[in-house]
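Below, each chain spelled out in residue letters.
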Amino acid sequence: IPEGFAVAVSAISGRKLGITICIAVALHNIPEGITLAVATYDATHSRVKAFLAPAAAGLAEPLGAVAALFIFREQVTQQLIDDLLVAVAGVMCCIALAELIPEAVSTKRWGWASAGLLLGLLVMYVTHLVLD
């Protein structure tokens, strides 16, 4: 839901920012969906549940976007956009620091963890260059 809020509010504020945030969230959702599907399949051994779990999780974002459009459409200010984007970024950073990085370190596969980090940074940089 927070990602949907970020996409909707940024799109309300400006087309360029909306497209940038939308691309970032879409790229983020690919490994997130794969991870959720693999974990669900491992736990249930059901292909149907492994498909439905990420699909249901993915539907939360459009719901967040619709809620943001209805709630904030008339009250959107630059300060509100900045505050919401900072809040969403904070949530994502907390998840990365509290869960993703410790998990990557626990695998003791430093090369893969470093490659994933660098690839993520490269994708963000290229996206920024393309959209500017």
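Residues numbered from 1 in each chain as written. Predicted model: local features only at pLDDT ≥ 70, side-chain atom pairs only at ≥ 80, totals over all residues. Heavy atoms only, no water.

Visitor: Explain the overall build of the protein chain to me, using residue names and the numbers behind them.
Guide: When helices and strands are tallied, the protein chain shows 5 helices and 0 strands. Secondary structure elements of the protein chain, listed N to C terminal, follow the sequence α-α-α-α-α. For the protein chain, the spread of C-alpha atoms along the three principal axes comes to 45 × 35 × 25 Å. Within the protein chain, the proportion of its 132 residues that are buried is 19%. At a minimum sequence separation of 6, the contacts of the protein chain that also span at least 24 residues come to 65%. When the accessible area of the protein chain is evaluated, it comes to approximately 9300 Å², of which 73% is carbon and sulfur surface. If the 7 positive side-chain charges of the protein chain are averaged to one point and the 10 negative ones to another, these points end up 10 Å apart. (Helix = DSSP H or I, 4+ residues; strand = E, 2+ residues; numbered from the N terminus. Buried < 20%, exposed > 50% of the residue type's maximum accessible area, 1.4 Å probe, protein only. Contact = heavy atoms within 4.5 Å. Areas by Shrake-Rupley, 256 points an atom, 1.4 Å probe, with all protein chains shown as cover. Lys, Arg positive; Asp, Glu negative; His and termini not counted. Charge placed at Lys NZ, Arg CZ, Asp CG, Glu CD.)

Visitor: Can you lay out helix 3 (residues 47–72) for me, pointing to particular residues and giving the numbers?
Guide: When the terminal C-alpha atoms of helix 3 are compared, their 39 Å separation across 26 residues agrees well with the 38 Å that a helix rising 1.5 Å per residue should span. Turning to helix 3, its buried residues are A50, P54, E61, G64, A65, A68 and F72. The elements touched by buried residues of helix 3 are helix 1 (2–13), helix 2 (15–44) and helix 4 (78–106). (Expected span 1.5 Å × (residues − 1).)

Visitor: Summarise the nonpolar core; cite the residues concerned and give the values.
Guide: Formed by F5, A8, V9, A65, A68, F72, L80, I81 and L84, the largest nonpolar core amounts to 9 residues. The next biggest cluster of nonpolar side chains, apart from the first, holds 5 residues, and it includes V7, I21, V25 and V88. (Core = buried A, V, L, I, M, F, W, Y, C linked by side-chain atoms within 4.5 Å.)

Visitor: Give me the environment of V123: which residues, what numbers.
Guide: Along the chain, V123 turns up in helix 5 (residues 110–131). As for V123 and I101, which are separated by 22 residues in sequence, their C-alpha atoms are 18 Å apart.

Visitor: Hey, could you go over the side chain of E61 for me, with residue numbers and the actual values?
Guide: Tracing the backbone shows E61 in helix 3. If we skip the residues at most four places from it in the chain, E61 touches E3, G4, V25, N29 and E32.

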